[in-house]
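Below, each chain spelled out in residue letters.
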Amino acid sequence: MRKLFLLITSLIFQQFSAQNLEVIPLGVYGGIDESNLSSYLVGVKKNNSYLALDAGTLTSGIKRAIALDSFDTITDSQLILKNYIKGYFISHGHLDHVSGLIINSPEDSSKPIYGLTSTLDVLKEKYFINGSWSNFANEGEEPILGKYKYRKITPLQSFPVENTALIAEIFELSHVNPQKSSAILIKYKDEYILYFGDTGADRIEKTNNLDIIWKHITPLVINKNLQAILIEVSFPNQQPEEKLFGHLTPSLLNEEFTKLADYVGKENLEGLNVIITHLKPNSNQMEIIKQELLTNNIFNLNYIFPEQGKKISFE
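About the thresholds
- Residues numbered from 1 in each chain as written.
- Predicted model: local features only at pLDDT ≥ 70, side-chain atom pairs only at ≥ 80, totals over all residues.
- Heavy atoms only, no water.
- Axes fitted to C-alpha atoms, helices over the stretch in contact; angles between N-to-C directions.
- Helix = DSSP H or I, 4+ residues; strand = E, 2+ residues; numbered from the N terminus.
- Parallel < 35°, antiparallel > 145°, perpendicular 65-115°, else oblique.
- Left-handed = near helix turned anticlockwise from the far one by under 90°.
- Contact = heavy atoms within 4.5 Å.
- Nonpolar A, V, L, I, M, F, W, Y, C, P; charged D, E, K, R; others polar.
- Polar contact = N/O pair within 3.5 Å; in protein donor to acceptor, adjacent residues only side chain to side chain.
- Salt bridge = Lys/Arg side-chain N within 4 Å of Asp/Glu carboxyl O.
- Buried < 20%, exposed > 50% of the residue type's maximum accessible area, 1.4 Å probe, protein only.
- Pairing = 2+ DSSP bridges.
- 1 Å grid on protein atoms, 1.4 Å probe; cavity = no way out; pocket = protein on both sides within 12 Å on 5 of 7 lines; lining within 4 Å.
- Points joined across faces, edges and corners; volume = space filled by probe spheres on them.
- Arc of directions from axis to C-beta.
- Right-handed = clockwise from strand over helix to strand, strands pointing away.

*Asks:* Would you mind going over the packing of helix 7 (residues 209–222) against helix 8 (residues 250–264) with me for this structure?
*Replies:* Helix packing for two helices is described by the angle between their axes and how far apart those axes are. For the pair helix 7 and helix 8, interaxial distance at closest approach is 9 Å and the crossing angle is 45°. Taken together, the axes of helix 7 and helix 8 are oblique relative to one another. Here helix 7 and helix 8 pass one another in a crossing that is right-handed. Residues Leu-210, Asp-211, Trp-214, Lys-215, Ile-217, Thr-218, Val-221 and Ile-222 of helix 7 lie in contact with helix 8, whose contacting residues are Glu-256, Phe-257, Lys-259, Leu-260, Tyr-263 and Val-264. Its residues placed into classes, the contact of helix 7 with helix 8 shows 9 nonpolar, 1 polar and 4 charged.

The structure is reproduced here in structure tokens:
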């Protein structure tokens, strides 16, 4: 009887302690390989409703995810593109974050695009125009096809992600000041995932954008509600600071996490899942970055280096 009681107690604990959010990387690089550029699906397990965090690559990533059974038994890439992806968050307007969205727009279904006004203006004024493509959105140059609906989000104001169970809020980032990028905090019940678009360090960019975010997520880290941070590291430490172009190195990431540790306590960072995005596959640069992160892991973070199409779950 005691063994049965312990088994039931264990199963109940597992049920309530199991994490519900998951991430499917559709593209993980920050350049060169056009079939594998920044895009991550975030959603609730077994729900088949995802928000795409950036959209540098879509169809190639979906097909790779199908090959790895990341969508269980679903093998129809068009079904996933049209029905599973419920909307897009675009962090900024650079091509390695939007090219998949643009190329796939004729075959896509109607859905919202979330972002800062400055980001959506790039889509409206540079890409969804007749000279470069067609206007598949609901604003801008005529003819207006109206497939995508721009959702201009004010920073630090929460909003529902349409046709999902997710709630989100957006933060401004600096990507070569004064050019803006953005981050998004995704919430499902008491679970959170934080995704960063391209960003420079506060000290280099002469801003406090990252510091605002660190303060905001302090209770989430302390209470173990934050399941993962997806953040870019584009260059190794040898890259001169004047040639970072609004990106991070392993040492600058440590510099920023030191600020976060000051707010939450070093012990509360231990084991935090940190998914490294936007690696640039130039020569052996990626391996250098990985080694620099792992050998100087001063906070005992759980670094994850995502693979295109391979689902990431948080147990």
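*Asks:* What is the right way to read the side chain of Asp-198 from this model?
*Replies:* Locating Asp-198 in the fold gives a position in the loop between strand 10 (191–196) and helix 6 (202–205). Separated by 3.4 Å, the side chains of Asp-198 and His-175 make a polar contact. Look past the residues within four positions of Asp-198 in its chain and what remains in contact with it is Ser-91, His-92, Asp-96, His-97, Leu-173, Ser-174, His-175, Ser-181, Glu-232, Gly-246, His-247 and His-278.

*Asks:* What is the right way to look at unusual backbone geometry in this model?
*Replies:* Both trends apply: most residues other than glycine have a negative phi, and most peptide bonds are in trans. The peptide bond linking Glu-142 to Pro-143 adopts the cis configuration, its omega dihedral lying at 0°. Within the secondary structure, Pro-143 sits in the loop between helix 5 (117–127) and strand 6 (148–152). For Asp-69, which is not glycine, the phi dihedral falls at a positive 60°. With respect to the element layout, Asp-69 can be found in the loop between helix 2 (59–67) and helix 3 (77–84). With phi around 70°, Val-176 is a residue other than glycine that occupies positive phi space. Following the sequence through the fold, Val-176 ends up in the loop between strand 8 (167–174) and strand 9 (180–188).

*Asks:* How do you make sense of the pattern of salt bridges when you look at a structure like this?
*Replies:* Charged atoms that come close allow side chains of opposite charge to pair. Enumeration according to the criterion identifies 15 salt bridges in this entry. One salt bridge in this structure joins Asp-211 and Lys-215, with 3.5 Å as the shortest N-O distance. You can see Asp-211 and its partner Lys-215 sitting in helix 7, 4 residues apart, about one turn around the helix. Since its relative accessible area comes to 48%, Lys-215 is described here as partly exposed.

*Asks:* Help me out: how do you make sense of the sheet that holds strand 4 (residues 85–89) in this one?
*Replies:* Within a beta sheet, neighbouring strands are joined by backbone hydrogen bonds and run either parallel or antiparallel to one another. Overall, mixed pairing links the 7 strands, which are arranged 6-5-4-3-2-1-14 in an open sheet. For this open sheet the edge positions go to strand 6 and strand 14 (312–313), each flanked by a neighbour on one side alone. For strand 2 (residues 39–44) and strand 3 (residues 50–53), the ladder comprises 4 bridges, and the chain directions are antiparallel. When the sheet's bridge partners are listed, Val-42 is paired in strand 3 with Leu-51. Where helix 3 meets the sheet, its contacts fall on strand 3, strand 4 and strand 5 (111–115), and the angle it forms with strand 4 comes to roughly 65°.

*Asks:* How should empty space enclosed by the protein be read in this particular structure?
*Replies:* Empty space among the atoms becomes visible once a probe the size of a water molecule is rolled across them. The final tally for this structure, using the stated rule, is 1 cavity of 30 Å³ or more. Taken together, Ser-38, His-97, Tyr-195, Phe-196, Gly-197, Asp-198, Glu-232, Thr-277 and His-278 make up the full set of residues lining the largest cavity. Taken together, the residues that form the lining of the largest cavity break down as 2 nonpolar, 5 polar and 2 charged.

*Asks:* Please explain the sheet that holds strand 13 (residues 302–304) as it appears in this structure.
*Replies:* Here we have 7 strands laid out as an open sheet, ordered 7-8-9-10-11-12-13, and mixed in their pairing. The open sheet has two edge strands, strand 7 (159–160) and strand 13, and neither has a second partner. As judged from the 3 bridges shared by strand 12 (residues 273–277) and strand 13, these two strands associate in the parallel manner. From the neighbouring strand, Val-274 faces strand 13, where its bridge partner is Tyr-303. Sheet strands touched by helix 7: strand 8, strand 9, strand 10 and strand 11 (226–232). Its angle to strand 8, the strand with the most contacts, is close to 150°.

*Asks:* Hey, could you run me through helix 3 in this one?
*Replies:* One full turn of an α-helix is made of 3.6 residues, so residues set three or four places apart face in the same direction. What helix 3 keeps buried is the set Ser-77, Ile-80, Leu-81 and Tyr-84. Angularly, the buried residues of helix 3 cover 120° about the axis, an arc narrow enough to put them on a single face. Buried residues along helix 3 sit in contact with strand 3, helix 2, strand 4, helix 4 (95–104) and strand 5. The opening residue of helix 3, the one whose side-chain oxygen lies 3.0 Å from the backbone nitrogen of Gln-78, is Asp-76.

*Asks:* Help me understand the side chain of Asn-268, please; the structure alone is not making it clear to me.
*Replies:* Within the secondary structure, Asn-268 sits in the loop between helix 8 and strand 12. Within the structure, Asn-268 has its side chain in polar contact with the backbone oxygen of Val-264 (distance 2.6 Å). What Asn-268 contacts, discounting residues up to four positions off in sequence, is Val-221, Ile-222 and Lys-224.

*Asks:* What is the right way to read the pairing of strand 6 from this model?
*Replies:* When strand 5 meets strand 6, the two strands line up parallel, connected through 5 bridges. For Lys-111, the partnering residue across the bridge sits in strand 6 and is Tyr-148. Following the backbone out of strand 5, through helix 5 and into the adjacent parallel strand 6, one traces a crossover that is right-handed.

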